[in-house]
Amino acid sequence: MNQPRDPDAIIATWLDDGPIDLPDETRRAISVGLRTQPRVRRIAILGGSSMSPINRLVAAAAIVLAVGSLSAFVLSNRAGGPGGIANPSAAPSAVPSSSQSATASFNTAGWVKFSSARYGYSISIPADWTAQQSDRQWSLAVDQKDWLTTAADALIGPGGPGIGSRGPRFTVFAVDLPAGMSSDAWIAQYFGSDAKGSPDPCTNRPVDLGTKTVDGHPAAIWTEVSTADCGGTAAFVFVNNRAYAFSIWLDGQEPMFEALLSTVTFQP
């Protein structure tokens, strides 16, 4: 005659076989939690004499469901799922650079092409802007401190070009580098004292924007500290021993400035 099988032993064996595959850290947490529970409480659940074998099986099934739910919750947190905490070692999502933001802010597809007869470049501008060709060659001695000089090509947004207007003024000129002069030395000369020894009334400093090149050529970006009479951004590009200066004479116009630069091409 067969001996009656102990339901507690059957359940314990079934649980030990691992009805679900838990992560090691989850299994350790459950194990620690069970060890810290009062022994009487555990006996009351599985080993109490008042419970029939059927009830014990039902209780065991409830424990398995609870453990499964806990495992799903832990795994969800580790994976950064809904309501969970993202894994700190996971790679961060890509953040658009300022150049990406600039090009995303303006749709240049409908812009109008402008070509400079004097300085050998082309650029696209919004259809409601006006373009003015330079009337002579730009000169450091004559035009260095004159942001309204007619020696530079002027691309003017709605609002006019004058001081106090709300429209941006974008200017471009190019000069040959003196023999043996580096690009950094030319920029320092451009921002230095004028031919009469007068210092630049505006404070200028390099700035790191998303735009690093213009038509494949490295660009050095500088900005004027905004004051009552100062403000704007300039890009200096050196092509075949020529210095190109692209400037927007209005504070806070960096996205428009970068969008304009993205359309520039140099002509041999």
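All values reported here derive from a predicted model rather than from experimental measurement.

**What about the state of the cysteines?**
- All told, the structure shown has one disulfide when counted by the stated rule.
- Covalent S-S linkage joins C202 and C230, the inter-sulfur distance amounting to 1.9 Å. Residues C202 and C230 share a disulfide whose torsion about the S-S bond is about -80°; that sign makes it left-handed. Placement of the pair is C202 in the loop between α7 (183-190) and β6 (204-206) and C230 in the loop between β8 (217-224) and β9 (232-239), with a sequence separation of 28 residues.

**Observations concerning the pairing of β9**
- Most of β9 sits out of view: seven of its eight residues are buried.
- Two strands pair when backbone bridges link them, and β8 and β9 are joined in this way by six bridges, in the antiparallel orientation. Each residue of the ladder has a partner; that of W222, found in β9, is A234.
- In this sheet, strand β10 (residues 242-248) lies alongside β9 in antiparallel orientation, the contact comprising seven bridges.

**Comments concerning the sheet that holds strand β11 (residues 265-266)**
- One open sheet accounts for three strands, arranged β1-β2-β11; its pairing is antiparallel. Because the sheet does not close on itself, it has two edges, and the strands there are β1 (112-115) and β11.
- Bridge analysis of β1 against strand β2 (residues 121-125) gives four bridges, and the strand direction is antiparallel. By the bridge assignment, S115 is partnered in β2 with S122.

**A word on the pairing of β2**
- Taking burial as the measure, the five residues of β2 include five buried ones, the bulk of the element.
- Burial along β2 is two-sided: Y121, I123 and I125 and S122 and S124, pointing in opposite directions, are all buried.
- From the end of β1 to the start of β2, which pair antiparallel, there are five residues, and G120 there has a positive phi angle of about 70°.
- Alignment of β2 against β11, held across two bridges, turns out to be antiparallel. Within the sheet, the bridge partner assigned to Y121 lies in β11 and is F266.

**Considerations on helix α8 (residues 254-261)**
- With six of its eight residues buried, α8 lies for the most part within the structure.
- The complete set of buried residues in α8 reads M256, F257, E258, A259, L260 and L261.

**Considerations on the nonpolar core**
- Counting 43 residues, the largest nonpolar core has F170 and F246 as the members making the most contacts within it.
- Among the elements of the structure, β2, β5 (169-176), α7, β8, β9, β10 and α8 are those that each provide at least two residues to this core.
- Residues contacting F170, with those up to four places away along its chain left out, are I123, W129, D153, A154, L155, F246, S247, I248, F257, L260 and L261.

**Regarding unusual backbone geometry**
- Phi at D215 is positive, roughly 55°, even though this residue is not glycine.
- Within the secondary structure, D215 sits in the loop between β7 (213-214) and β8.

**Focus: the pattern of salt bridges**
- A complete count under the given rule lists four salt bridges for this structure.
- Taking the shortest distance from any N to any O, the salt bridge between D176 and R242 comes out at 2.9 Å. Note that D176 is positioned in strand β5 and R242 in strand β10, a separation of 66 residues in sequence.
- In this structure, D208 and K212 form a salt bridge, with 2.1 Å as the shortest nitrogen-oxygen distance.
- Residue K212 is classed as partly exposed on the basis of its relative accessible area, which comes to 46%.

**Comments concerning the confidence of the model for the chain**
- In the predicted model, the chain carries a mean pLDDT of 75, and the fraction of residues at 70 or more is 58%.
- The model gives residues 32-49 a pLDDT under 50, and that stretch makes 13 contacts with residues more than four places away or in other chains.

**Some words on the side chain of T233**
- The topology assignment puts T233 in strand β9.
- A distance of 3.4 Å separates the side chain of T233 from the side chain of E254, its partner in a polar contact.
- Once residues within four sequence positions are removed from consideration, T233 is found in contact with L209, I221, W222, T223, F246, S247, I248, E254 and F257.

**Comments concerning the environment of T227**
- With respect to the helices and strands, T227 occurs in the loop between β8 and β9.
- Separated by 24 residues in sequence, T227 and T203 have C-alpha atoms that sit 9.3 Å apart.

**What about the side chain of D153?**
- Relative to the helices and strands, D153 resides in strand β4 (residues 153-156).
- Of the side chains bearing the opposite charge, R118 lies closest to the buried D153, which forms no salt bridge; the N-O distance is 5.9 Å.
- Only 2.8 Å separates the side chain of D153 from the backbone nitrogen of S134, close enough to count as a polar contact.

Here is what the cut-offs are and how they apply
- Residues numbered from 1 in each chain as written.
- Predicted model: local features only at pLDDT ≥ 70, side-chain atom pairs only at ≥ 80, totals over all residues.
- Heavy atoms only, no water.
- Disulfide = S-S within 2.5 Å.
- Helix = DSSP H or I, 4+ residues; strand = E, 2+ residues; numbered from the N terminus.
- Buried < 20%, exposed > 50% of the residue type's maximum accessible area, 1.4 Å probe, protein only.
- Pairing = 2+ DSSP bridges.
- Core = buried A, V, L, I, M, F, W, Y, C linked by side-chain atoms within 4.5 Å.
- Contact = heavy atoms within 4.5 Å.
- Salt bridge = Lys/Arg side-chain N within 4 Å of Asp/Glu carboxyl O.
- pLDDT = per-residue confidence, 0-100.
- Polar contact = N/O pair within 3.5 Å; in protein donor to acceptor, adjacent residues only side chain to side chain.
- Lys, Arg positive; Asp, Glu negative; His and termini not counted.

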